[in-house]
Every structure is written in C-alpha cells, then in structure tokens.
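Listed below, chain by chain, are the residues.
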Amino acid sequence: MSYTTLVDVGTLAAHLDDPDWLVVDVRHLLSDTGYGERVYGEAHIPGAAFLHCDRDLSGPMTGSNGRHPLPDSEKLAVRLGEIGVGPRTQVVVYDDTQGMIAGRLWLLMRWLGHDRVALLDGGLQAWQAAGQPLTAAVAVPRPAKFVASVRDCLVDAGYVQAFIATSRMYLVDARGADRFRGENETIDPVAGHIPGAVNRFFGDNLRADGCFKPAAELRAEWLAVLSGSPPERVVHMCGSGVSACIGMLAMEIAGLPGSRLYAGSWSEWCADPERPMA
C-alpha cells in the first residue's frame, strides 16, 4: 500500500524500520534560516534525513523570481537520490509549522513524478504527543537512483497574466486574510494581492490540533470556495509558493485533484510594477 497524501503517527511508527520507507525532516523558519538544521541536530524522528527549504527545496533568487524559486529539477532529483529516495520509496515528510514546509516537498516530489509521498499528519507535535521517540543520531543514507519525470502541475507568471481576467483560471491565495487585504505586510516590499484572486488561509485546512480536517469536511469547504469552478482550473499561490501547497494537498484529500501551483506567487508577481495589483 502506498500513501500519497497523509500518514498518521501510528502508521509511521509501525514502518520506522521498513527499508522501503524514508522520513524527511524539513523544519524551517523564514525568520531564522538556520533553525531547521539546528533542531534536527538536537532531536528528530529516528532515521529521518534533513532537507533545507532554501538550499534543497528552492533555487537561486534573482530579485525578480520570488523568495522561493523552484529548484532545478535534475539537481533536486540528484539530492533526493543522495538521501535514499528511489522509485519505490515511500517518503514521509514532516515539519513543526502545520505542514507549511512539508507541503512544499510533497508538491515538488509530485512535480518530479513521485506519488509515494505523504505528510505526517499533525507533524512533529503529533509524533511527540503520542510519546513516540526522537533521536540525535544521524542515520547513514542509503543512496538510490531517482529519475525525475516532470509533470505539468505548475504555472508561471505569464500564465497568470494571460488568464487573470478569464474563467480559465481560478486563483486561490493561501496567505493570511490581513496580508491578502494588503494589511500588516512585513515580508514582501509591496502589499496587496493579484486582482481576481480569492483568499483561503492555508491553516483553514487544519483542525485545532494541527491535523488535517476530514476529507468530507474539506470537500464541502473547498466546493464552497471554488463556487463551481472545476479543480483543474484552480491555481494556488501564497507569498512565495510554500504554504500554498497545503491547499493543493487539501484538495487532493478532498477528492478534488488536478489543481496547480503558481510557484513564484506574490513575491515574484509584485517584483514587476507593471503587473496589475489590488
């Protein structure tokens, strides 16, 4: 059996010694980019590898391509192989920020054609709450051959610009409501949102305990958000293409597959003053 959206704590605990399973820690803070490596070195789920949001899950910034540009697909494929991801590996990814960073790796692996990837539901907090073990010991990786087969699940700024005023695209912004309205913007140099976008905060897909809402509840909520627009026309965005991935995952859980990500998101969009902004 393969897991393509979520894995609960009990299931992961039962497979910690399974050679076909690999846990990946992607903890990260925008305000402290060394945080993830530091806390990983102190304690992590046994056997977990570590990937860095900026170095591994993002490409170089140019000043016009957003705060977390897409990584090079071949370079990411090599990195995944280095930590032990092969074609049949079940990957389980976790963080401690409501899946915000873990969702990015989930999306990137699906982009590269690897479906056997799932978030640990509830993240590290759920693991610890269940009394499961942590370790400071770093497992020796078993390198594998990862071959990327890139899929069409992303759009770029040109696509957004072309369909901004049409029914071909339904743009969903996952930032908090205040930033969407152009209030309290402390991260990007311009406040506001792309005209025509609707707002659904990524955290609205989760329960109070940090686990995802049940599939039926997510489906009802997302159908209300989409207002009749088909899932394949939905484009998710946020500040830099990270938290928006949670919306994509939630739609998959809800049985509404086929949406895509605008990876550059607001940080790329607002870098060009000629683009329309609201």
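Residues numbered from 1 in each chain as written. Predicted model: local features only at pLDDT ≥ 70, side-chain atom pairs only at ≥ 80, totals over all residues. Heavy atoms only, no water.

## Here's the deal with the packing of aromatic side chains
Applicable threshold: Aromatic pairing here means that ring centres of Phe, Tyr or Trp (its six-membered ring) are within 6.5 Å. Orientation follows from the plane angle: under 30 degrees is stacked, over 60 is edge-to-face, and everything else is tilted. Runs of E in the DSSP output that reach at least two residues are strands. Runs of H or I that reach at least four are helices, and both are numbered from the N terminus. The cut-offs for exposure are 20% and 50% of the maximum accessible area for each residue type, with area from a 1.4 Å probe on protein chains only; residues under the lower value are buried, those over the upper are exposed, and the others partly exposed. Whether a charge sits over a ring comes down to the Lys NZ or Arg CZ being within 6 Å of the ring centre and within 35 degrees of the ring normal.
Under the definition given, this model contains 5 aromatic pairs. Aromatic side chains Tyr40 and Phe50 sit 5.4 Å apart centroid to centroid with 35° between the ring planes, which places their arrangement in the tilted category. Here Tyr40, found in helix H2 (residues 35-42), pairs with Phe50, found in strand E3 (residues 49-50); they are 10 residues apart in sequence, far enough to count as distant. Its relative accessible area of 9% is what places Tyr40 among the buried residues. On the accessibility criterion, Phe50 (11% relative accessible area) is buried. Their ring planes at 65° and their centres at 4.9 Å tell us that Phe201 and Phe202 sit as a pair that is edge-to-face. We classify Phe201 as partly exposed; its relative accessible area is 33%. Classification of Phe202 by relative accessible area gives buried; the value is 8%. One residue, Arg275, lies across the ring of Trp269, its end atom 5.4 Å from the ring centre.

## Some thoughts on the nonpolar core
For the record, the criterion: Among buried residues, the Ala, Val, Leu, Ile, Met, Phe, Trp, Tyr and Cys ones that are joined through side-chain atoms within 4.5 Å form a nonpolar core. Contacts are assigned to residue pairs with any non-hydrogen atoms lying within 4.5 Å of each other.
Counting residues in hydrophobic clusters, the biggest one holds 56 residues, and the most contacted among them are Val24, Val26, Leu80, Leu105, Leu107, Leu119 and Phe212. Ignoring any residue separated from it by four or fewer positions in sequence, one finds Leu80 in contact with Leu51, Val85, Leu105, Met109, Leu112 and Phe146. With 17 residues, the next largest nonpolar core counts Ala48, Leu124, Ala126 and Trp127 among its residues.

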